[in-house]
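Fold and contact review
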2 protein chains.
Amino acid sequence: MKIDVFTHFAPAGFAEYLERFALGRAAVPRWRRIPTLVDLDARRRLLDPLDDYVQVLSLPNPAIEAFGPPSDAREIARVANDSLAELCARHRDRFPAFVANLPMNDPAAAVEEAERAVRDLGAAGCLVYTNVLGAPLSDPVYAPIFAKAAELDCPLWLHPIRGPETPDYKTEDASRHEIWFMFGWPYETAAAMARLVFSGLFDRLPNVKIITHHLGGLVPYLE
Amino acid sequence: MKIDVFTHFAPAGFAEYLERFALGRAAVPRWRRIPTLVDLDARRRLLDPLDDYVQVLSLPNPAIEAFGPPSDAREIARVANDSLAELCARHRDRFPAFVANLPMNDPAAAVEEAERAVRDLGAAGCLVYTNVLGAPLSDPVYAPIFAKAAELDCPLWLHPIRGPETPDYKTEDASRHEIWFMFGWPYETAAAMARLVFSGLFDRLPNVKIITHHLGGLVPYLE
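Note that this is a predicted model, so its numbers are computed, not measured.

Some points on the overall build of chain A
On a plain count of helices and strands, chain A comes out with eleven helices and eight strands. Relative to the compact-globule value of 17 Å for 223 residues, chain A shows a C-alpha radius of gyration of 17 Å, a close match. A principal-axis box enclosing the C-alpha atoms of chain A has dimensions of 45 × 40 × 40 Å. Counting all 223 residues of chain A, 57% fall into the buried class. Accessible surface computed for chain A: about 9900 Å², of which carbon and sulfur atoms make up 56%. Positive and negative charge centroids in chain A, built from 23 and 30 side chains respectively, lie 1 Å apart.

Pasting the structure below:
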């Protein structure tokens, strides 16, 4: 059996929740332009020809903290995780597990939600992005989240987050031609992992496990 | 015979000129910390054991435009190129040619210096960096330089330039742990080449030749 741990999907319940409260206005319309990203029937039809193949689901970009301030992020993460758990429970044949979302702009809530999602909802691990609203994951404020993941013995998925608003030249305001994506995402992933290494994370928590999206960013290729 | 086209060296005459006029104060002391980068005897001793091996010399970072304003850059480039030409003339056995430097903050002067360096001094080509004091090479103001290189049928060497002052996170002022160098230089190179491609450069000037330092940056590895 092939277990694909890098597939994104947004459950209808979560997309509708975001729309109902007008959260992250750009994200849901973008998701809906790719039917297999939000339409469960479309996704299942896509998979129909594939035998012995299952998907561990994670939400598409953006991160929970982009949808609302710290006061709301905990609730948004709970809705996201509940909807993913419910979807997986109904479709274990194709989607045996999901990756939980954390309200990273409220680190204490993120720790609690990691525990709830893994212990109570059966999440396979938790998703973090390469920066938290611009801040590095190596900031000590996020250390308890890594410690909780190590305690739960669940992996953290690391996904790049970077948009065209990160310019490639000092004289410009934005990155062009999707350079921010094509080269920027691997760069972000490598930079984030380097920062975690130099922060001493893997010395402090030798059993912490990080699954880097997109084959690890730059490092495996340059190596 | 092996012809190494990626070796940096700063002729003593140019280093002393920069020091005499207090130009680029940080650069020369940095160069001097690596004796084989500025001391011809040290460089020749390094090469003594190697048979059938020659080096095409280019200056180490930074770019000419970092040493002075447009009003001075033409003169600085001329001194750099004259000193490289003189060194190569005396040591053809090891250094058969050099890569010329251009005052990119004075594009009209850069065109003239490219012509002088290639036609009169015998430069093998000209060096450009991945950005000009923060601006992309695809800016139309630099188009005449590419046109001149195509007309002279000489390659342009493309070298990354980026320092720790390019932060990796919006919450920080600087890149840490040499991420700007280890991952940033390949990123810079890939971004600069992408911008040149999307600018239509290779359609307008099909015979323009660009030699990318460090094996091309990211693209060959990701490919």
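Read on for the rest.
Notes on the interface of chain A and chain B
The partner chain B presents 32 residues to the 32 residues of chain A that form the contact. Between chain A and chain B the total buried area reaches about 2900 Å² when both faces are included, carbon and sulfur atoms providing 66% of it. On the chain A side of the contact with chain B, Tyr 169, Tyr 187 and Arg 195 of chain A bury the most area, a combined 26% of that side's loss. One can count two salt bridges joining chain A with chain B. Note that Arg 195 of chain A and Glu 172 of chain B form a salt bridge whose closest N and O atoms lie 2.8 Å from each other. For the interface between chain A and chain B, the tally reads twelve residue pairs in polar contact (both at pLDDT 80 or more).

Description of the sheet that holds strand β8 (residues 210-212) of chain A
Residue and element names in this part refer to chain A. Ordered in space as β1-β2-β3-β4-β7-β8, the six strands form an open sheet in which the pairing is parallel. At either end of the open sheet lies a strand with only one pairing partner, and these are β1 (2-8) and β8. Each neighbouring strand pair of the sheet contributes to a mean axis angle of 30°, computed without reference to strand direction. As paired elements, β1 and strand β2 (residues 53-58) share five bridges and run parallel to each other. Across the sheet, His 8 pairs through a bridge with Ser 58, a residue of β2. Docked against the sheet, helix α4 (residues 40-47) engages β1 and β2, running at close to 145° with respect to β2.

Each value, and the rule that gives it
Residues numbered from 1 in each chain as written. Chains lettered and ligands numbered in written order. Predicted model: local features only at pLDDT ≥ 70, side-chain atom pairs only at ≥ 80, totals over all residues. Heavy atoms only, no water. Helix = DSSP H or I, 4+ residues; strand = E, 2+ residues; numbered from the N terminus. Rg over C-alpha atoms; globule rule 2.2 N^0.38 Å. Buried < 20%, exposed > 50% of the residue type's maximum accessible area, 1.4 Å probe, protein only. Areas by Shrake-Rupley, 256 points an atom, 1.4 Å probe, with all protein chains shown as cover. Lys, Arg positive; Asp, Glu negative; His and termini not counted. Charge placed at Lys NZ, Arg CZ, Asp CG, Glu CD. Contact = heavy atoms within 4.5 Å. Buried area = accessible area lost by both parts, 1.4 Å probe. Salt bridge = Lys/Arg side-chain N within 4 Å of Asp/Glu carboxyl O. Polar contact = N/O pair within 3.5 Å; in protein donor to acceptor, adjacent residues only side chain to side chain. Pairing = 2+ DSSP bridges. Axes fitted to C-alpha atoms, helices over the stretch in contact; angles between N-to-C directions.

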